[in-house]
Amino acid sequence: MNMMSEAAVEKALDKKMNDISYKMIGKDVSVYYGDKRALYDVNLNVRENTVTALIGPSGCGKSTFLRTLNRMNDTIDGCRVTGRITLDTDDIYDPAIDVVELRARVGMVFQKPNPFPKSIYENVAYGPRIHGLAKSKADLDAIVERSLQKAGLWNEVKDRLQEGGTGLSGGQQQRLCIARAVAVSPEVILMDEPCSALDPIATAKVEELIHELRANFTIVIVTHSMQQAARVSQRTAMFHLGNLVEENDTDKMFTNPDDQRTQDYIMGRFG
Amino acid sequence: MSSSHIVSIYDEELKYLSRRISEMGGTAEQMVADSVRALVTTDAALAQKVISEDVILDTAERQINDKAIVTIAKRQPMAADLREIMGAIRIAAELERVGDLGKNTAKRVIAVQSSGMPRKLARGLEHLAELALMQLKEVLDVYATRSIEKAKAIRERDDEIDAIYTSLFRELLTYMMEDPRNITPCTHLLFCAKNIERIGDHATNIAETIYYMATGSQPEGERPKDDTSTSVVAAGVADASE
């Protein structure tokens, strides 16, 4: 008697499972540096409020792909991108798109902490100010505090906001950069090996932060540390020689990947 | 295991685990065979040898666990490597239990010895032990070859052992009812039969673990069971024996 209702419940669950919203959709994305092709028709969708990790050996194209998501490749001479990438419904390579505005919506945190040579306050306030996000000084103060709090740095720096950002420790600098990225209320945050220059404690703090940021942002992270990818992400994409070889749930990816190349890479074996 | 690790000593660590598992398997197999032989030939010296060998398996299990823990901490294994190590820990525990069961059977040899054992029962036990040992031997071969098909086949064959165990159970009850003097030896034999039947279960567990190690997924469906001894009642046996 319960057969029908059980089947109905299952169907509803399935629907919920399949009801995934994609924040960014990459379709047939190829990247060329001059004559050299760096990415081959990558189809990768980035889920909303999810941490997506991009892994793969050096030169596999993971950072190149990451950089296509906010057109950072535009700054490289001779770099050409084909295919289509959308943010919500907007084609980000549409000539009508304002790249500065795009990068406010898709923020970025780099491998090496790179605070401006200005005060802690100014590092965070700069973005909101140039984007006109604050109507008053009080507004701006509130944004700075909120951003530093989101980056888990507020308590450590609240009494020295006017001191130089470069005087902070490496881990603090990286969290300052995350606060700076968060300050302009982006929708997506791209992170290119954000912890590779940090010690284990600072790394743990950034990882904790990534976990918290996920509630409000969509995150794409490139990392060389498989353990980090396994710890922080829900989805993992494996790149090899410019191809996307597998994209899967992180739990599956690190216990039982489908592709032999993924298997060999994560287990540290020769291909 | 198509290719080697970039860090070659990692391969050595994994090889150590599989080598020790194979050794444990060999020892467990020998202990079970000896314990049953000691039982049917009432050989107290052989029984004593089995009892003294149990410590080998205990030590091996501990060493395998220690090595596995250190390897996990050092290498942070992923995917098949992680399953390989977790599998080694599980299989070592199963084999250690098999050794315990052999030891328990050996301990009962002395008790059964004093009252003698009906020939027919001995044959039943031997047959049960043959099947259980064959399961164990095959599962150890599968551990070496990682054949998924064979792992599945072993898992599906456990019901043969269960069926023979159930018939032995009935037989032992019949003997006890025929003559109360049989109760002491038959109770011991009942435990011995149960021990041997459990060895089949452990072999099946190992087969399932190997399946998981090789594929990353648990074998599907219930394993076949034909152990109906839980529902055998004395009256039923009495009727059947008339």
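Given the structure is predicted, the values throughout are model-derived calculations rather than measurements.

What counts and how
- Residues numbered from 1 in each chain as written.
- Chains lettered and ligands numbered in written order.
- Predicted model: local features only at pLDDT ≥ 70, side-chain atom pairs only at ≥ 80, totals over all residues.
- Helix = DSSP H or I, 4+ residues; strand = E, 2+ residues; numbered from the N terminus.
- Rg over C-alpha atoms; globule rule 2.2 N^0.38 Å.
- Buried ≥ 20, exposed ≤ 12 C-beta atoms within 10 Å, placed from the backbone.
- UniProt positions renumbered as here; feature names shortened; annotations may be inferred.
- Axes fitted to C-alpha atoms, helices over the stretch in contact; angles between N-to-C directions.
- Parallel < 35°, antiparallel > 145°, perpendicular 65-115°, else oblique.
- Left-handed = near helix turned anticlockwise from the far one by under 90°.
- Contact = placed C-beta atoms within 7 Å.
- Nonpolar A, V, L, I, M, F, W, Y, C, P; charged D, E, K, R; others polar.
- Pairing = 2+ DSSP bridges.
- Expected span 1.5 Å × (residues − 1).

A short note on the overall build of chain A
If you tally the helices and strands in chain A, you get 11 helices and 10 strands. In terms of C-alpha radius of gyration, chain A reaches 20 Å, essentially the compact-globule figure of 18 Å for 271 residues. When its C-alpha atoms are laid out on the principal axes, chain A stretches across 65 × 60 × 40 Å. The 271 residues of chain A split such that 44% are buried.

Quick word on the overall build of chain B
A tally of helices and strands in chain B yields eight helices and zero strands. If you list the helices and strands of chain B from N to C, you get α-α-α-α-α-α-α-α. Along the three orthogonal principal directions, the C-alpha set of chain B runs to about 70 × 40 × 25 Å. The 242 residues of chain B split such that 40% are buried.

Section: the UniProt feature "domain: PhoU" (unreviewed entry) in chain B
Residues and elements named next belong to chain B. Following the UniProt record, one finds the feature "domain: PhoU" (unreviewed entry) at residues 21–109 and 125–209. Note that residues 21–109 is 93% helix and 0% strand, and that its end C-alpha atoms are spaced 28 Å apart. Note that residues 125–209 is 91% helix and 0% strand, and that its end C-alpha atoms are spaced 28 Å apart.

Concerning the environment of A:N216
Its location among the elements puts A:N216 in the loop between α8 (200–213) and β8 (218–222). In this structure the C-alpha to C-alpha distance between A:N216 and A:K158, which are 58 residues apart in sequence, comes to 23 Å.

Some points on the UniProt feature "domain: ABC transporter" (unreviewed entry) in chain A
In the UniProt entry, the feature "domain: ABC transporter" (unreviewed entry) is given for residues 24–266 of chain A. Measuring from the first to the last C-alpha atom of residues 24–266 of chain A gives 26 Å, for a span that is 37% helix and 27% strand.

Considering the packing of helix α7 (residues 170–183) of chain A against α8(A)
All names here are of chain A. For the pair α7 and α8, the least separation of the axes is 9 Å and the interaxial angle reads 20°. With respect to their mutual orientation, α7 and α8 come out roughly parallel. For the crossing formed where α7 meets α8, the hand is right-handed. The residues of α8 that touch α7, namely those facing G170, G171, Q174, R175 and I178, are A202, K205, V206 and L209. Residues that form the contact of α7 with α8 fall into these classes: four nonpolar, three polar and two charged.

Overview of the environment of A:K36
Residues and elements named next belong to chain A. Assignment of secondary structure puts K36 in strand β2 (residues 36–47). Residue class for K36 comes out exposed when judged on the 9 C-beta atoms lying within 10 Å of it. With 43 residues separating them in the primary sequence, K36 and C79 have C-alpha atoms 9.4 Å apart.

Notes on helix α4 (residues 120–130) of chain A
Every buried residue of α4(A) is accounted for by A:I120, A:N123, A:V124, A:A125, A:G127 and A:P128. On its buried face, α4(A) sits against α5 (137–150), α6 (154–157) and α7 of chain A.

Side note on the sheet that holds β2(A)
Residues and elements named next belong to chain A. The four strands are arranged β2-β1-β4-β5 in an open sheet whose pairing can be described as antiparallel. Edge positions in the sheet fall to β2 and β5 (90–91), since each of these pairs with one other strand and no more. Sheet topology note: the strand β1 (residues 22–33)/strand β4 (residues 79–87) ladder contains eight bridges and is antiparallel. Note on β4: the bridge partner recorded for G26 is I85.

Quick look at the sheet that holds β8(A)
Residue and element names in this part refer to chain A. Taken in spatial order, the six strands make up an open sheet running β6-β7-β8-β3-β9-β10, and their pairing is mixed. Each of the sheet's edge strands pairs with one partner strand only, and the pair in question is β6 (106–109) and β10 (243–249). Taken over all neighbouring pairs, the strand axes of this sheet differ in orientation by 20° on average, direction set aside. Each of β6 and β7 (188–192) touches α7; the most contacted strand, β6, lies at about 170° to it.

A word on unusual backbone geometry
Excluding glycine, most residues fall at negative phi; most peptide bonds, likewise, are trans. With a phi close to 45°, A:E193 is a non-glycine residue in the positive phi region. Here A:E193 is to be found in the loop between β7 and α8.

Describing the interface of chain B and chain A
With 12 residues of chain B at the interface, the matching set in chain A holds 14 residues. Within the side of chain B that touches chain A, the residues separate by chemical class into six nonpolar, five polar and one charged.

Examining helix α2 (residues 44–75) of chain B
Think of an α-helix as 3.6 residues a turn; residues three or four steps apart then line up on the same face. Residues and elements named next belong to chain B. For α2, built from 32 residues, the straight-helix expectation of 46 Å at 1.5 Å per residue is met to within 8% by its first-to-last C-alpha distance of 47 Å. Every buried residue of α2 is accounted for by A47, V50, L57, A60, E61, I64, A68 and T71. Those residues of α2 that are buried lie in contact with α1 (8–40) and α3 (79–115). Directly after α2, the chain includes Q76, whose backbone phi takes a positive value near 45°.

Some points on the packing of α2(B) against α3(B)
All names here are of chain B. Orientation of α2 relative to α3, taken along the N-to-C sense of each, is 165°, at an axis distance of 9 Å. The orientation of α2 with respect to α3, classified from their angle, is roughly antiparallel. Our pair here, α2 against α3, has a crossing hand that is left-handed. For the contact of α2 with α3, the residue count by class is 17 nonpolar, five polar and seven charged.

Topic: the pairing of β1(A)
A regular strand places its side chains so that they alternate between the two faces of the sheet. Residue and element names in this part refer to chain A. Relative to β2, β1 runs antiparallel, the two sharing eight bridges. When the sheet's bridge partners are listed, M24 is paired in β2 with V46. Between β1 and β2, which pair antiparallel one after the other, the connecting turn spans two residues, and G34 there sits at a positive phi close to 65°.

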